[in-house]
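# Structural overview for review
Below are the chains, spelled out letter by letter.
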Amino acid sequence: MKILFLNGPNLNLLGQREPEIYGHTTLADIEANVRERADELKAEIDFRQSNLEGELVGWIQQAKGKFDVIVINAAAYTHTSIALRDAIAATGVPTIEIHLSNVHAREEFRHKSLIAPVCRGQITGFGHKSYILGLEAAIDVKVSK
Ligand code: DQA
């Protein structure tokens, strides 16, 4: 079972970035937590971050045949990127959308996710635990495939 975790723009700044919204946990801490839980669940993970839309598109395209499930926090690209949406639809790798904050409880421009219709589901608002819930959902998706 191989799961690809993708993180979009500005998530490299977690820990210092708007901590009242995103908390004090860094992306490295989140990755360590996900790795620990993945070991318990006997899943293999790859964990990546990019500020570049095209790089994320490339990683989604390359996931086909290499990963069973993608878990993505597309950050601001969630709300803007038709390219990410099309890449997810094109590869057909089951994908789970996650967010730290509850995007539906924030500004109106965050209520719309362009990737949601091509994802299996959305986990939003549980802080860094959204990543662990995303991992568990990824394993469920694979098992029930
Ligand atoms: C986010 C929510 C997005 O609206 C925002 O642009 C982010 C982070 C989250 O994890 O809560 O960068 O994806």
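Presented here is a report on the structure given in the accompanying data block. (Residues numbered from 1 in each chain as written. Predicted model: local features only at pLDDT ≥ 70, side-chain atom pairs only at ≥ 80, totals over all residues. Heavy atoms only, no water.)

### Looking at the overall build of the chain
Along the backbone of the chain there are five helices and five strands. Along the chain direction, N to C, the helices and strands of the chain fall in the order β-α-α-β-α-β-α-β-β-α. The globule rule puts the C-alpha radius of gyration for 145 residues at 15 Å, and the 14 Å found for the chain is close to it. With respect to the three principal axes, the spread of C-alpha positions in the chain is 35 × 35 × 25 Å. Looking at the chain residue by residue over its 145 residues, the buried ones come to 47%. Once local pairs closer than 6 in sequence are excluded, the contacts in the chain between residues at least 24 apart make up 76%. As presented, the chain carries roughly 7,100 Å² of accessible surface, and 50% of it is formed by carbon and sulfur atoms. (Helix = DSSP H or I, 4+ residues; strand = E, 2+ residues; numbered from the N terminus. Rg over C-alpha atoms; globule rule 2.2 N^0.38 Å. Buried < 20%, exposed > 50% of the residue type's maximum accessible area, 1.4 Å probe, protein only. Contact = heavy atoms within 4.5 Å. Areas by Shrake-Rupley, 256 points an atom, 1.4 Å probe, with all protein chains shown as cover.)

### Regarding the site of the ligand
Around the ligand, the surrounding shell consists of R17, Y22, N73, A75, A76, H79, H99, L100, S101, V103 and R110. One nitrogen or oxygen atom from the side chain of H99 is found 2.8 Å from an oxygen atom belonging to the ligand. The side chain of R110 places a nitrogen or oxygen atom 2.9 Å from an oxygen atom of the ligand. Alone, the ligand offers 320 Å² of accessible surface; in the complex the protein occludes 99% of this. (Near = heavy atom within 4 Å. Polar contact = N/O pair within 3.5 Å; in protein donor to acceptor, adjacent residues only side chain to side chain.)

### As for the nonpolar core
Side chains of a nonpolar character, in soluble globular proteins, are inclined to be buried together. One finds I3, F5, V34 and Y131 to be the most contacted residues of the largest nonpolar core, which totals 25 residues. Contributions of two or more residues to this core are made by β1 (2-7), α2 (27-40), β2 (44-49), β3 (69-73), β4 (95-99) and α5 (129-143). With 18 residues, the next largest nonpolar core counts L6, L56, I70 and V93 among its residues. (Core = buried A, V, L, I, M, F, W, Y, C linked by side-chain atoms within 4.5 Å.)

### Quick look at the environment of G92
Along the chain, the position of G92 falls in the loop between α4 (82-91) and β4. In sequence terms G92 and K129 are 37 residues apart; their C-alpha atoms lie 26 Å from each other.

### Describing the pattern of salt bridges
In the structure shown here, the tally under the stated rule is seven salt bridges. The salt bridge involving E107 is made with R110; its shortest N-O contact spans 2.7 Å. Assessed through its relative accessible area of 34%, E107 is described here as partly exposed. A single salt-bridge network, built from bridges that share partners, covers R37, E40 and E136. (Salt bridge = Lys/Arg side-chain N within 4 Å of Asp/Glu carboxyl O.)

### So, the side chain of H99
Relative to the elements of secondary structure, H99 occurs in strand β4. Excluding its chain neighbours within four sequence positions, the residues that come into contact with H99 are N73, T78, Q122, I123, T124, G125, F126 and S130.

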